[in-house]
Amino acid sequence: MSDNEFDVLDELYFVVSFPDLKSTLSLSDAELCAALQSLIKQGYVKILYPDQDTEHEYDAASFGQHCQDYYFLATKAGLVVHNSV
């Protein structure tokens, strides 16, 4: 797990919007989206959209275009991995 991925997971114990995540972490939009995409592919983060209560299916083709519109939350697997590092 990269440092960026670890830092992102550290912020996702509760539902967080992309703008809030970006304001907390010192990462560019591209770096943050890349870290989120990697964590989602590994099953460590889930997407919530259009609101904080609705889980949204990951779509690789459109993720980059909509990354900044989503909310994110660590999965149980993500929390386990984060706490074991």
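Structural notes, computed from the coordinates. (Residues numbered from 1 in each chain as written. Predicted model: local features only at pLDDT ≥ 70, side-chain atom pairs only at ≥ 80, totals over all residues. Heavy atoms only, no water.)

**Observations regarding the overall build of the chain**
Where we set the bar: In this text, helices come from DSSP runs of H or I with a minimum length of four residues, and strands from runs of E with a minimum of two, each type numbered from the N-terminal end. For a compact globule the rule gives 2.2 Å times the number of residues to the power 0.38, and the radius of gyration it is set against comes from C-alpha atoms. A contact between two residues is defined here by any heavy atoms of the two lying within 4.5 Å. Computed with a 1.4 Å probe, the accessible areas rest on the Shrake-Rupley method; for each residue, only the protein chains presented here act as cover.
Looking only at helices and strands, the chain has 5 helices and 4 strands in total. The N-to-C order of helical and strand elements in the chain reads α-β-α-α-β-β-α-β-α. Taken over C-alpha atoms, the radius of gyration comes to 11 Å for the chain, in line with the 12 Å a tight globule of 85 residues would show. C-alpha extents for the chain along the principal axes are approximately 30 × 25 × 20 Å. Pairs at least 24 residues apart make up 60% of the contacts formed inside the chain by residues separated by at least 6 positions. Carbon and sulfur atoms make up 47% of the accessible area of the chain, which amounts to about 4900 Å² in all.

**Overview of the state of the cysteines**
Here is the rule we go by: Pairs of cysteine sulfur atoms within 2.5 Å are what we label disulfides. Relative accessibility under 20% of the residue-type maximum defines a buried residue, over 50% an exposed one, and the middle range a partly exposed one, all with a 1.4 Å probe and only protein chains included.
In this structure the tally under the stated criterion is 1 disulfide. Each sulfur of the disulfide joining Cys33 and Cys67 lies 2.3 Å from the other. Between Cys33 and Cys67, the S-S torsion sits near -115°, and that sign places the bridge as left-handed. With a gap of 34 residues between them, Cys33 in helix α3 (residues 29-41) and Cys67 in the loop between α4 (60-66) and β4 (71-74) connect regions that are remote in the sequence. Across the pair, exposure class does not vary: Cys33 and Cys67 are buried alike.

**Side note on the pattern of salt bridges**
Short version of the rule: What makes a salt bridge here is a side-chain nitrogen of Lys or Arg within 4 Å of a carboxyl oxygen of Asp or Glu, nothing more.
Per the counting criterion, the structure on display carries 2 salt bridges. Between Asp29 and Lys22 there is a salt bridge, with the nearest N and O atoms lying 3.3 Å from each other.

So yeah, pure geometry; function would need other evidence.
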